[in-house]
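Listed below, chain by chain, are the residues.
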Amino acid sequence: MSDNSLTRYVASFVDELSRAGVEQIVISPGSRSTPLAMLFLEHPDVTTYINIDERSAGFFALGLAKSGNKPVALVCTSGTAAANYYPAIIEAHYSRVPLLILTADRPHELRDVGAPQAIDQINMYGKYSKWFVDLALAEENDDMLRYSRTIANRSVGISTANPQGVVHLNFPFREPLIPNLMLPNLWDTHENRKTYLHTSVGVSSMRIKDISTIIEHIEFEQNGIIICGDNQTISYIDEVIKLSDHLKYPILADPLSQIRAGKHRKTGVIDCYDTILKDPDITKHVKPNVVIRFGAMPVSKPLMKLLKNNPGIIQIVVDPSGEYRDPTLNSSHLITCNEDEFCKEMIKSISRREITAYYKKWIFSQLTHDQEIEEALTKMTDLFEGKVVQALQKSLPQQCKLVVGNSMPIRDVDTFFRNTSKEIEVYCNRGANGIDGVVSTALGICAKESEPTFLLIGDLSFYHDLNGLLAAKMNKLNLTVILINNDGGGIFSFLPQSSEEKHFERLYGTPTGLEYAKVVEMYGGEFNRINSWEGFQSYFDSTWANEGLKVLEIQTNRNTRVKVHRELLDHVSQEIRKVLNDEN
């Protein structure tokens, strides 16, 4: 194989990927992937990031793709390097994030013969990849260059079609591996086309029969709610606000729905439903007869229990991909269409309603909750995780991105993050709900540098992805990390395992006793620890805007956390019950 045939073949792929809209590439360096890596670095229209840890690289690319809502390509060498992308690929699959995985491989004659760094890479990601291709070897003819460009375009089209996801392309390369970067007309298309193969993503529309069926269920039903979960599409927000106002169905907005924050109206947007639905007496007042749901199932466990334990509730799930995402198994209708189209059809087909008694119950509950929770948290002097969320939300700039770790941080945000006019985009890896790769994801999200980015994370999740901090140093990224350190797994104190005292601390508490200041220093970051709310405010008045990696550690008490949390929410629920009983 000549240098030129390899160069033309791979250059055609790289160039066509760029023409198809791929702007960012994450490279984990290695020998066998040299043709791809060098030619991506050489291309004038792509931005490349180097991340030497493949597991971190996978989540970094995930963050890039989430932030830009565009496919991002990952490049690695052969062998277990490709296996280290697996956790991020699983997350991308379930979160519907477009990733292109470009793995280098041994040529066919060196497979299954004991060659070094050679594993079986054929369909290695299984069902988590929407499309797999074991590409042909490079040849010096026009047909192969057309083939290379066609594969590039098809991979982008498939990764961005509903539901968005992962495409895996496996490149067998024979030596020599060094491309000829001095070759003239390196990015020549050989065709008079802007892109060799233009692929378009179709849009699903509601059928007339579906519209009539849904109208029958909600036209005269006043006790209804709209649930908005994690959703990559934000273009529907204005329409769902209009639908809520039209039907007088309150919106139960998960923090990842992007509805709690922004300039849009918040009338009818309920941010405290998790607390409300923890109380059986309050739940009796607000139990719906009809639910319209957009996006993934929200974080809230009480909401999930309400829907699961009441199969008589008519659940209408709207999903443009047509995928079934309902762990309650109680959905009665799955509507395959764009969310904004559904909202417009319902508004057009159903008469506008006046405010109902049911709607008022949710609004009164929301107002009472806001007043009581604000007063209680303001008086609190202990370093409590719920107040961290409140104080952080108040301190964040008007426009920013907030990345939230799984386990307790996302649940605290669900409970304590209030409706706000600030334009705060909230991200979390809720596809597989893992605590791995969160630091790398946040760094990928902040790489665009359009807005300040903050990461709220627990100490175990931070530990899981310490290698990810290298990306901040190598790429000169600006990220502010709010590290809640209770020396262990705080979420398990809320679960039944907490009653098994004999083995609890070793199996679930899992204290590490690590001094994170030393790790942050190793990666060139700035570390601060605060011991009071005055120190927290002072930090956000001055330090957070410094460039580079900043880590603010807040040490909380895991042993008292559950008691403080439950007493606070019990008090709030008690006040809401009083209001609802008075209204009746």
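Bear in mind that the values here come from a model prediction, so they are computed numbers and not experimental data. (Residues numbered from 1 in each chain as written. Predicted model: local features only at pLDDT ≥ 70, side-chain atom pairs only at ≥ 80, totals over all residues. Heavy atoms only, no water.)

Participant: Can you explain helix 7 (residues 208–218)? Please cite residues and give values.
Facilitator: Note on helix geometry: an α-helix contains 3.6 residues per turn, so any two residues three or four positions apart are oriented the same way. For helix 7, the complete set of buried residues consists of Asp210, Ile211, Ile214, Ile215 and Ile218. Buried residues of helix 7, seen end-on, are gathered within an arc of 130° and therefore sit on one face of the element. Turned more than 90 degrees away from the buried face of helix 7, the exposed residues are Ile208, Lys209 and Glu216. Here the buried face of helix 7 lies against helix 8 (237–247), strand 10 (290–294), strand 11 (314–318), strand 12 (333–335) and helix 12 (339–349). (Buried < 20%, exposed > 50% of the residue type's maximum accessible area, 1.4 Å probe, protein only. Helix = DSSP H or I, 4+ residues; strand = E, 2+ residues; numbered from the N terminus. Arc of directions from axis to C-beta. Contact = heavy atoms within 4.5 Å.)

Participant: Can you explain the layout of surface pockets? Please cite residues and give values.
Facilitator: Of the voids in this model, the second largest pocket is the one considered here, and its volume is about 570 Å³. If you go around the second largest pocket, you meet 26 residues; those closest to its centre are Ile234, Ile237, Gln258, Glu425 and Tyr427. Counting residues per element, the ones that place at least two in the lining of the second largest pocket are helix 3 (54–68), helix 8 and strand 14 (423–427). Among the elements that line the lining of the second largest pocket, the one with the most residues is strand 14, at five residues. Within the lining of the second largest pocket, the residues separate by chemical class into eight nonpolar, 11 polar and seven charged. (1 Å grid on protein atoms, 1.4 Å probe; cavity = no way out; pocket = protein on both sides within 12 Å on 5 of 7 lines; lining within 4 Å. Points joined across faces, edges and corners; volume = space filled by probe spheres on them. Nonpolar A, V, L, I, M, F, W, Y, C, P; charged D, E, K, R; others polar.)

Participant: Could you give an account of the packing of aromatic side chains, naming the residues involved and the relevant values?
Facilitator: What describes a pair of aromatic rings is the distance from one ring centre to the other and the angle between the planes of the rings. Enumeration over the complete set of coordinates arrives at 15 aromatic pairs. Judged by centre distance (5.3 Å) and plane angle (70°), the rings of Phe462 and Tyr516 are edge-to-face. Taken together, the positions of Phe462 in helix 17 (residues 459–464) and Tyr516 in helix 20 (residues 516–522) put the pair 54 residues apart, joining distant regions of the chain. Classification of Phe462 by relative accessible area gives buried; the value is 0%. A relative accessible area of 1% places Tyr516 in the buried class. Ring pairing ties together the aromatic residues Phe454, Trp533, Phe536, Tyr539, Phe540 and Trp544, which thus form one cluster. (Phe/Tyr/Trp six-rings, centres within 6.5 Å; stacked < 30°, edge-to-face > 60°.)

Participant: So, the sheet that holds strand 14: which residues are in play, and what are the values?
Facilitator: If you trace the six strands from one edge of the open sheet to the other, you get 14-13-15-16-18-17, paired in parallel fashion. Of all the strands in the sheet, the pair left with one neighbour each is strand 14 and strand 17 (526–530). The mean angle between the axes of side-by-side strands here comes to 20°, regardless of whether they run parallel or antiparallel. The sheet contacts of helix 14 (residues 385–395) involve strand 13 (399–404), strand 15 (453–458), strand 16 (479–485) and strand 18 (549–555), and relative to strand 16 the element is tilted by about 160°. (Pairing = 2+ DSSP bridges. Axes fitted to C-alpha atoms, helices over the stretch in contact; angles between N-to-C directions.)

Participant: Break down the packing of helix 7 against helix 12 for me, with residues and values.
Facilitator: For the pair helix 7 and helix 12, interaxial distance at closest approach is 11 Å and the crossing angle is 60°. The interaxial crossing formed by helix 7 with helix 12 has right-handed handedness. Here helix 7 contributes Ile211, Ile214, Ile215 and Ile218 to the contact with helix 12, which in turn contributes Phe342, Glu345, Met346 and Ser349. Residues of the contact of helix 7 with helix 12, tallied by class, amount to six nonpolar, one polar and one charged. (Left-handed = near helix turned anticlockwise from the far one by under 90°.)

Participant: An account of the pattern of salt bridges is requested, with residue identities and associated values reported.
Facilitator: Inspection of every chain in the model, using the stated rule, returns 28 salt bridges. With its nearest N and O atoms 2.6 Å apart, the salt bridge here joins Asp15 to Arg19. Here Arg19 and Asp15 lie together in helix 1 (residues 3–19), a separation of four residues that amounts to about one turn. Accessibility expressed as a relative area gives 35% for Arg19, which makes it partly exposed. Of the charged contacts in the structure, one is a salt bridge between Glu374 and Lys394, with a shortest N-O distance of 2.6 Å. Placement of Glu374 in helix 13 (residues 357–379) and of Lys394 in helix 14 is noted, with a sequence separation of 20 residues between them. (Salt bridge = Lys/Arg side-chain N within 4 Å of Asp/Glu carboxyl O.)

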